[in-house]
Each structure stands twice: as C-alpha cells, then as structure tokens.
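Read off the chains here:
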Amino acid sequence: MCMEDDEQPALGEQPSFNGCDQGKDLQLPPGIDGETPMGSERMEMRKRQMSVHQEAVSGTQAQQGVGNRGSNACCFCWCCCCSCSCLTVRNQDDERTRRSSNEIRGHGIPKWEDSPSPTLEDVYSWGQSFDTLMTTPAGRNAFREFLRTEFSEENMLFWMACEELKKEANKNVVEEKARLIYEDYISILSPKEVSLDSRVREVINRNMLEPSQRTFDDAQLQIYTLMHRDSYPRFMNSAVYKNLHQSLSESLAES
C-alpha cells in the first residue's frame, strides 16, 4: 500500500521499501538552518578522529624505525660513521698522549746516573757537606742506594725530577712534565707520594693552573730540607757510606 502524497517520512528515517518510492535514491533533508543532521555530523567527526589516530601511529612507527636504525647502525650508516670517526679520533688522541707521557718518563730520571768512580777525597767531602753530596752524580747515586734501603727513594727522585723540569724550555714539554711530576709524587693516590704540608700543596695546586719550570720550587725545598735533616745523618752512619769509604781507603793503601 502506497503512502499518500502528503505523508512524509519522519526526520532521519528511511522510507519504507514497501511503499511507492521503492528503488529511489532519497537524500536526508537538511537540518534546521541548513545544518547537517546529527547522525552525519557524528560520522564525519569519527572519520576525522580515525584519520588523526592513523597519522599519529604512522609518525610513531617512523620514529621507532629511525631509532632502531640508529641503535643497530653499522659503519655504512652516515650517522654511525660520524660516531665511529669521533671515537677513533679520540682514541688516537688518548694513545698519542699516553705515548708522549711514556716517552717523557723514559727520558727522565735514569736508574743510576753516569758518573766517574768517586775518589776517597770525594767520599770524604760528602761527609762534610750535604750540598756537596747532592751536587755530584756519584754522591746522589750513593745516597739513592741508601734511601732505597729505607724505602724513601721517592724523595730523591722527586728532587731530581724538579731539577730536570727547570732545564726544560719547551712550554708543552714543561706542562707535560709538570703533570707527570704531580701524578707521580704529589697525588695522594700515588704510591710514590712525598710528604708535604698543606701550605705547600695549596701552592702547587695554584701553580698547576699554569705550570712552569718553577711550579714545584717550594715542595722541592721542603723535601731537600727533609733529606738533609732526617736522612743525611743516618746515611753518614750507614753501611753504604762506611763500606764505600773503607773500600776506597784500602784501594789507596794498596796502590
């Protein structure tokens, strides 16, 4: 049964397919003031939300992909090559620094200084003046041998390192030698740390901001005074000194 011509379907409802309008494409009438009906508005909003969600998911996946490439990158990736290059350069710089330090240490204080054999007169003069003992290589060798028996050879080594530093003119070498002296004899972590008071340590720390040939002057003087007052008197009564004096006296008598 067909609907009468003056009967209109309710707003938003589809016409009956049993009516006379079956097969016709009907459009929903516009809402008030020409607005889209509420059902269509919700559909459009949902489409926009789904579109935004898909774009967000796609962006996240893209970022994850970049992150994975960065973490798993090999040397063929430009970003990894840059990183590898930086690490390589840094490692090469560290290796050059270590090699330079080892070379400076290697050309530093010898185990024993080259010197002519001391005479009986030399040995006698050592007993008269500590300054004379410290200014002759043979005297320093004999004194070092004694200090080694007392496990205090680092005092002599530090004093000699400071003397070597004073002879250096190259600024870069001065800075490197000063750093090595600090690490070997001033640092509390070093097994060869020398005994210095807090005032002298503060002076050294200030001087290390701009190292020079005179960076350790105060410390060198303090260690020199310590050896003079403490170790030197025992050296004069030690077997090292007495045996050397006796052997030279016997050699002179035989000749």
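Up top is the structure.
From a predicted model like this one, the values you see are computed outputs, not experimental measurements. (Residues numbered from 1 in each chain as written. Predicted model: local features only at pLDDT ≥ 70, side-chain atom pairs only at ≥ 80, totals over all residues. Heavy atoms only, no water.)

1. Structural notes on the overall build of the protein
And step 1. A tally of helices and strands in the protein yields 10 helices and 0 strands.
And step 2. Its helices and strands taken in sequence order, the protein reads α-α-α-α-α-α-α-α-α-α from the N to the C terminus.
And step 3. Looking at the protein residue by residue over its 255 residues, the buried ones come to 25%.
And step 4. For the protein, restricting intrachain contacts to residue pairs at least 6 apart in sequence, the fraction spanning at least 24 positions comes to 59%.
And step 5. Entry remark: accessible area of the protein is about 18,100 Å², with carbon and sulfur atoms responsible for 53%. (Helix = DSSP H or I, 4+ residues; strand = E, 2+ residues; numbered from the N terminus. Buried < 20%, exposed > 50% of the residue type's maximum accessible area, 1.4 Å probe, protein only. Contact = heavy atoms within 4.5 Å. Areas by Shrake-Rupley, 256 points an atom, 1.4 Å probe, with all protein chains shown as cover.)

2. Side note on the packing of helix α5 (residues 137–149) against helix α9 (residues 217–236)
And step 1. Between α5 and α9, the shortest axis-to-axis distance is 10 Å and the interhelical angle comes to 90 degrees. The angle between the axes of α5 and α9 places the two elements in the roughly perpendicular class. Every residue of α9 that contacts α5 at Ala-142, Phe-143, Phe-146 and Leu-147 is listed here: Met-227, Ser-231, Tyr-232, Arg-234 and Phe-235.
And step 2. Of the residues in the contact of α5 with α9, the class split is 7 nonpolar, 1 polar and 1 charged. (Axes fitted to C-alpha atoms, helices over the stretch in contact; angles between N-to-C directions. Parallel < 35°, antiparallel > 145°, perpendicular 65-115°, else oblique. Nonpolar A, V, L, I, M, F, W, Y, C, P; charged D, E, K, R; others polar.)

3. Re α5
And step 1. Its 13 residues place the ends of α5 19 Å apart at the C-alpha level, agreeing with the 18 Å of an ideal helix rising 1.5 Å per residue.
And step 2. Within α5 the residues assigned to the buried category are Ala-138, Gly-139, Arg-140, Asn-141, Ala-142, Phe-143, Arg-144, Phe-146 and Leu-147.
And step 3. Along its buried surface, α5 packs onto α3 (120–126), α4 (130–135), α6 (153–167), α9 and α10 (239–254). (Expected span 1.5 Å × (residues − 1).)

4. Observations concerning the environment of Met-236
And step 1. Checked against the element boundaries, Met-236 lands in helix α9.
And step 2. Leave out the neighbours within four places in its chain, and Met-236 touches Trp-126, Gly-127, Tyr-241 and Lys-242.

5. A few points about the packing of aromatic side chains
And step 1. Scanning the model with the defined rule gives 10 aromatic pairs in all.
And step 2. Ring plane angle 65 degrees and centroid distance 5.5 Å describe the contact between Phe-235 and Tyr-241, whose orientation is recorded as edge-to-face.
And step 3. Relative accessible area serves as the criterion here: at 0%, Phe-235 is assigned to the buried category.
And step 4. Ring pairs connect the aromatic residues Phe-130, Phe-143, Phe-146, Trp-159, Tyr-224, Tyr-232, Phe-235 and Tyr-241, which therefore count as one cluster. (Phe/Tyr/Trp six-rings, centres within 6.5 Å; stacked < 30°, edge-to-face > 60°.)

6. Let's talk about the side chain of Ser-238
And step 1. If you trace the backbone, Ser-238 turns up in the loop between α9 and α10.
And step 2. A distance of 2.6 Å separates a polar side-chain atom of Ser-238 from the backbone oxygen of Phe-235.
And step 3. Polar side-chain contacts of Ser-238 include one of 3.4 Å to the backbone nitrogen of Tyr-241. (Polar contact = N/O pair within 3.5 Å; in protein donor to acceptor, adjacent residues only side chain to side chain.)

7. Some details on α10
And step 1. Helix length check: α10, at 16 residues, gives a terminal C-alpha distance of 22 Å against a target of 22 Å (1.5 Å per residue), a fit within 8%.
And step 2. All buried positions along α10 are accounted for by Val-240, Tyr-241 and Leu-248. Along the axis of α10, the buried positions cluster into a sector of 100 degrees, meaning they face one direction only. Exposed and facing more than 90 degrees away from the buried side of α10 are Ala-239, Ala-253 and Glu-254.
And step 3. Taken together, the buried residues of α10 touch α3, α5 and α9. (Arc of directions from axis to C-beta.)

8. A few points about the nonpolar core
And step 1. Among the nonpolar cores identified, the biggest contains 38 residues, and Phe-143, Phe-158, Phe-216, Met-227 and Phe-235 are the most heavily contacted of them.
And step 2. Among the elements that make up this core, the one with the highest residue count is α6 (8 residues). (Core = buried A, V, L, I, M, F, W, Y, C linked by side-chain atoms within 4.5 Å.)

Keep in mind that these numbers describe shape and distance, not what the molecule does.
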